[in-house]
Amino acid sequence: MMLHKLHLSRRIQHALTGLILLLISHLIPPYPHGFILLSIGTLAFYRIHQLRLHDDTWDDWYLEKFGGLLRRHEIGEWEYLNFKDETSRPLMECSKTKKSNDIGCIQG
């Protein structure tokens, strides 16, 4: 049920965003003002993404504001990987965050 609610929330958010952009496109001339505003918006969101990757404070803020709309892989959760030999003896245990793809391993 939670996944269905998330999917519906994301669809509503995408539809509202599309309607808002359509409205804005009729109010603001496409060039040069629309182009400049779109460029500023793109750079701002790219900067927020970079800050999220490297600063936990920004990541916490972003997750607080938008976490309800994000899928698991967009949140940056950790994955744990266990490598075992044919006798199920641990060889190596690794963990990585999907957000930055940093990998840390410990020999078994």
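Keep in mind the model is a prediction, meaning the values are calculated, not measured.

### Overview of the overall build of the protein
Alright, step 1. For the protein, the helix and strand inventory stands at four helices and three strands.
Alright, step 2. Helices (α) and strands (β) of the protein occur, in sequence order from the N terminus, as α-α-α-α-β-β-β.
Alright, step 3. Expressed as a percentage of the 108 residues in the protein, the buried residues total 13%.
Alright, step 4. At a minimum sequence separation of 6, the contacts of the protein that also span at least 24 residues come to 20%.
Alright, step 5. Accessible surface for the protein amounts to roughly 9200 Å². Of this, 65% is attributable to carbon and sulfur atoms.

### Here we look at the packing of aromatic side chains
Alright, step 1. A full pass over the atoms with the stated rule returns four aromatic pairs.
Alright, step 2. Taken together, a centroid distance of 6.0 Å and an interplanar angle of 45 degrees make the contact between Tyr31 and Phe35 tilted. Taken as a pair, Tyr31 and Phe35 lie in helix α2 (residues 30-54) at a separation of four residues, close to a single helical turn.
Alright, step 3. Through pairs of rings, three or more aromatic residues link up here, namely Trp58, Trp61, Tyr62 and Phe66.

### Looking at a nonpolar patch on the surface
Alright, step 1. Among the surface-exposed residues, Leu8, Ile12, Leu16, Leu19, Ile20, Leu21, Leu22 and Ile24 lie close enough to one another that they form a single nonpolar patch of about 750 Å² accessible area.
Alright, step 2. Tracing the backbone shows Leu19 in helix α1 (residues 2-27).

### So, α2
Alright, step 1. In this model α2 runs 34 Å from its N-terminal to its C-terminal C-alpha over 25 residues, within 8% of the 36 Å that 1.5 Å per residue would give.
Alright, step 2. Those residues of α2 lying buried are Ile48, Leu51 and Arg52.

### Remarks on the confidence of the model for the protein
Any segment with low pLDDT has predicted coordinates that should not be analysed in fine detail.
Alright, step 1. Confidence in the prediction of the protein, expressed as mean pLDDT, is 78, and 66% of residues score 70 or more.
Alright, step 2. Looking at the elements of the protein, mean pLDDT is at its lowest for strand β3 (residues 103-107), recorded as 57, and at its highest for α2, recorded as 90.

### Re the environment of Leu69
Alright, step 1. For Leu69, the position within the fold is in the loop between α3 (56-66) and α4 (72-75).
Alright, step 2. With relative accessibility at 26%, the residue Leu69 sits in the partly exposed group.
Alright, step 3. Sequence-wise, Leu69 and Lys5 are 64 residues apart; in three dimensions their C-alpha atoms are separated by 9.7 Å.
Alright, step 4. Setting aside residues no more than four positions away along its own chain, Leu69 makes contact with Leu6, Ser9, Arg10, Gln13 and Glu74.

### Re unusual backbone geometry
Alright, step 1. Following Tyr31, the chain continues into Pro32 via a peptide bond in cis, with omega recorded as 5 degrees.
Alright, step 2. For Pro32, the location among the structural elements is in helix α2.

### Here we look at the packing of α2 against α3
Helices that pack against each other are described as a pair by the angle of their axes relative to one another and the distance between those axes.
Alright, step 1. For the pair α2 and α3, the least separation of the axes is 6 Å and the interaxial angle reads 115 degrees. The way α2 lies across α3 gives a crossing that is left-handed. Residue-level contacts link Ile48, Leu51, Arg52 and His54 of α2 to Asp56, Trp58, Asp59, Tyr62 and Leu63 of α3.
Alright, step 2. When its residues are assigned to classes, the contact of α2 with α3 shows five nonpolar, one polar and three charged.

The rules behind each value
Residues numbered from 1 in each chain as written. Predicted model: local features only at pLDDT ≥ 70, side-chain atom pairs only at ≥ 80, totals over all residues. Heavy atoms only, no water. Helix = DSSP H or I, 4+ residues; strand = E, 2+ residues; numbered from the N terminus. Buried < 20%, exposed > 50% of the residue type's maximum accessible area, 1.4 Å probe, protein only. Contact = heavy atoms within 4.5 Å. Areas by Shrake-Rupley, 256 points an atom, 1.4 Å probe, with all protein chains shown as cover. Phe/Tyr/Trp six-rings, centres within 6.5 Å; stacked < 30°, edge-to-face > 60°. Patch = residues over 30% accessible without salt bridge, like charges linked within 9 Å, V, L, I, M, F, W, Y side chains within 5 Å. Salt bridge = Lys/Arg side-chain N within 4 Å of Asp/Glu carboxyl O. Expected span 1.5 Å × (residues − 1). pLDDT = per-residue confidence, 0-100. Axes fitted to C-alpha atoms, helices over the stretch in contact; angles between N-to-C directions. Left-handed = near helix turned anticlockwise from the far one by under 90°. Nonpolar A, V, L, I, M, F, W, Y, C, P; charged D, E, K, R; others polar.

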